[in-house]
Each structure stands twice: as C-alpha cells, then as structure tokens.
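Architecture and fold: a report
Letter by letter, the chains look like this.
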Amino acid sequence: EDSGVQRIAMQCNQLRIVWLRQAPKLSDDAATYLVTLPHLSSLSLASDAGLTDRTLRELASASQLRCLDLSGCRQLTEASVVEFASCIAVPPGPPLSSVQLDACPNLGRAAATALA
C-alpha cells in the first residue's frame, strides 16, 4: 500500500534501487513518495495496476533516475509518455538511459518515437 511506500521513503532515504513489482494496491501516491528519494537511480513499478499518467508526471522530477520499468501499467497513455519524454530531454529532467514500457496497451508508435 501507499502508506508503506511513504514509510520506506521517509526512513530509508538513501535507497538507490526500488522494485515494487506486481503491487496492485499502489496508486500514483507511491510515485509521489518515491521521488523524494534523493539517490533513486533504478525503479520498477511493473504491473502495478493503480498507476496512471500522474505517475509519469511525478517521475519526471526524479533527478537521479537512470532506469525505469513501468511494464504492464495498463492505464498509462501515449500522450503522457510523449509529455514525459519531452520533460526528460532537458535538464533538470532525469538522466534516463533505460525505460521499459512493455505490455502497456495504450502505447504506440508516438510513445516509442518520443523516447527514442
């Protein structure tokens, strides 16, 4: 649940890698808490059913994020991925080197092109 993520972010603020895969009770609030981790470099929220476009807006401010996996997050839209790509393309956007969005049914060629 989001409250657990909030506690982790507050008490373990030196975390660099966070994998919270297949956690159906997580919502966009989890991303809000995770972006407060100053050293977060790798994040997997794959197959977390409650995540929406708001998660991408939050993650655009994760200044150290290098690897992101949101595979299977079925509510993400192409428009939000295109917007996210434009945010990360310029400082102070995160220096992402890897983005995984497999099995996201609303994403198509525009999302792939924007992230290329």
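Presented here is a report on the structure given in the accompanying data block.

**A few points about the overall build of the protein**
- For the protein, the count of helices and strands is five helices and four strands.
- Across the protein, helices and strands are ordered from the amino to the carboxyl terminus as α-β-α-β-α-β-α-β-α.
- For 116 residues, the compact-globule formula gives about 13 Å, and the C-alpha radius of gyration of the protein, at 13 Å, lands near that figure.
- Looking at the protein residue by residue over its 116 residues, the buried ones come to 39%.
- A separation of at least 24 residues holds for 75% of the contacts in the protein among residues at least 6 apart in sequence.
- By element, 53% of the accessible surface of the protein is carried by carbon and sulfur atoms, the whole surface being about 6100 Å².
- Considering the protein, the positive charge centre built from 9 side chains and the negative charge centre built from 11 side chains are found 5 Å apart.

**Re helix α4 (residues 78–88)**
- Among all positions in α4, only Ser80, Val81, Phe84, Ala85 and Ile88 are buried. Each buried residue of α4 lies within a common arc of 140° when the element is viewed along its axis, so the set occupies one face.
- Summarising the contacts, the buried residues of α4 are in contact with α3 (53–59), β3 (67–69) and α5 (109–115).

**With respect to the sheet that holds strand β2 (residues 42–44)**
- Across the sheet, which stays open at both edges, the four strands sit in the order β1-β2-β3-β4 with parallel pairing between neighbours. If you trace the sheet from one side to the other, it starts and ends with β1 (17–19) and β4 (98–100), each paired once. Ignoring which end each strand starts from, the neighbouring axes of this sheet average 0° apart.
- Relative to β3, β2 runs parallel, the two being bridged by three bridges. Each bridged residue has a counterpart across the sheet, and for Leu43 the counterpart in β3 is Leu68.

**Description of the side chain of Asp69**
- Along the chain, Asp69 falls in strand β3.
- Judged by its relative accessible area of 8%, Asp69 falls in the buried class.
- Discounting residues that sit within four places of it in the chain, Asp69 has contacts with Arg21, Leu43, Ser44, Leu45, Ala46 and Gln100.

**Brief notes about the environment of Leu76**
- Within the element layout of this structure, Leu76 appears in the loop between β3 and α4.
- Looking at Leu76, the relative accessible area reads 1%, which means it is buried.
- In this structure, the C-alpha to C-alpha distance between Leu76 and Gly4, residues 72 residues apart in sequence, is 23 Å.
- For Leu76, the residues in contact, after removing those within four places along its chain, are Thr52, Asp53, Leu56, Leu70, Leu101, Cys104, Asn106 and Leu107.

**Concerning unusual backbone geometry**
- Of the consecutive residues Pro91 and Pro92, the connecting peptide bond is found in the cis state with omega at 10°.
- Turning to its location among the elements, Pro92 is positioned in the loop between α4 and β4.
- Positive phi values are uncommon outside glycine, yet Gln22 reaches one of about 50°.
- Secondary-structure assignment places Gln22 in the loop between β1 and α2 (28–34).
- The phi dihedral of Ala103 falls on the positive side, at around 60°, and the residue is not glycine.

Criteria and thresholds
- Residues numbered from 1 in each chain as written.
- Predicted model: local features only at pLDDT ≥ 70, side-chain atom pairs only at ≥ 80, totals over all residues.
- Heavy atoms only, no water.
- Helix = DSSP H or I, 4+ residues; strand = E, 2+ residues; numbered from the N terminus.
- Rg over C-alpha atoms; globule rule 2.2 N^0.38 Å.
- Buried < 20%, exposed > 50% of the residue type's maximum accessible area, 1.4 Å probe, protein only.
- Contact = heavy atoms within 4.5 Å.
- Areas by Shrake-Rupley, 256 points an atom, 1.4 Å probe, with all protein chains shown as cover.
- Lys, Arg positive; Asp, Glu negative; His and termini not counted.
- Charge placed at Lys NZ, Arg CZ, Asp CG, Glu CD.
- Arc of directions from axis to C-beta.
- Pairing = 2+ DSSP bridges.
- Axes fitted to C-alpha atoms, helices over the stretch in contact; angles between N-to-C directions.

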